[in-house]
Amino acid sequence: MFKCKDCDSLLFDLVLQPEYQGSVAIRINEHQEVEVAINEQSFVADLMFMNQFALCKDCGSIKRWEYYFPNRLVGST
């Protein structure tokens, strides 16, 4: 998952091209990773993707995301 560095929010919107007509779905998988499905393709979002395309829903910040895994123990895999 990801957390906004400015307000600690976990909520975001993706900034897409205004003319984009395809389907976009976002979910959190069993590993607490953000999965993005665009049309028939899906992938796990990384920090670079989030900082390029995600807008914080709470404070509107862009390019301010960091990894956040609240349920992982230090040293666990």
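Preceding block: the structure.
Predicted model only: the values in this text are computed from it and were never measured.

Some words on the environment of Leu14
- Within the secondary structure, Leu14 is located in strand 2 (residues 12-14).
- Residue Leu14 is classed as buried on the basis of its relative accessible area of 17%.
- Not counting the four nearest positions on each side in its chain, Leu14 is found in contact with Val24, Ile26, Val36, Phe49, Phe53 and Ala54.

Here's the deal with the sheet that holds strand 5 (residues 41-44)
- Taken together, 3 strands build an open sheet; the order of strands is 3-4-5 and the sheet is antiparallel. In this open sheet, the two edge strands, each paired with only one partner strand, are strand 3 (24-28) and strand 5. For this sheet, the mean inter-axis angle between neighbouring strands, taken without regard to orientation, is 20°.
- Inspection of the sheet shows strand 3 paired to strand 4 (residues 34-38) by 5 bridges, in the antiparallel sense.

Re the layout of surface pockets
- In this structure, the largest pocket spans a volume of roughly 160 Å³.
- In terms of lining residues, the largest pocket is bounded by Met1, Phe2, Leu10, Leu11, Phe12, Ile26, Ile28, Val34, Met50 and Lys57.
- The residue makeup of the lining of the largest pocket, split by class, is 9 nonpolar, no polar and 1 charged.

Thresholds, definitions, all that
- Residues numbered from 1 in each chain as written.
- Predicted model: local features only at pLDDT ≥ 70, side-chain atom pairs only at ≥ 80, totals over all residues.
- Heavy atoms only, no water.
- Helix = DSSP H or I, 4+ residues; strand = E, 2+ residues; numbered from the N terminus.
- Buried < 20%, exposed > 50% of the residue type's maximum accessible area, 1.4 Å probe, protein only.
- Contact = heavy atoms within 4.5 Å.
- Pairing = 2+ DSSP bridges.
- Axes fitted to C-alpha atoms, helices over the stretch in contact; angles between N-to-C directions.
- 1 Å grid on protein atoms, 1.4 Å probe; cavity = no way out; pocket = protein on both sides within 12 Å on 5 of 7 lines; lining within 4 Å.
- Points joined across faces, edges and corners; volume = space filled by probe spheres on them.
- Nonpolar A, V, L, I, M, F, W, Y, C, P; charged D, E, K, R; others polar.

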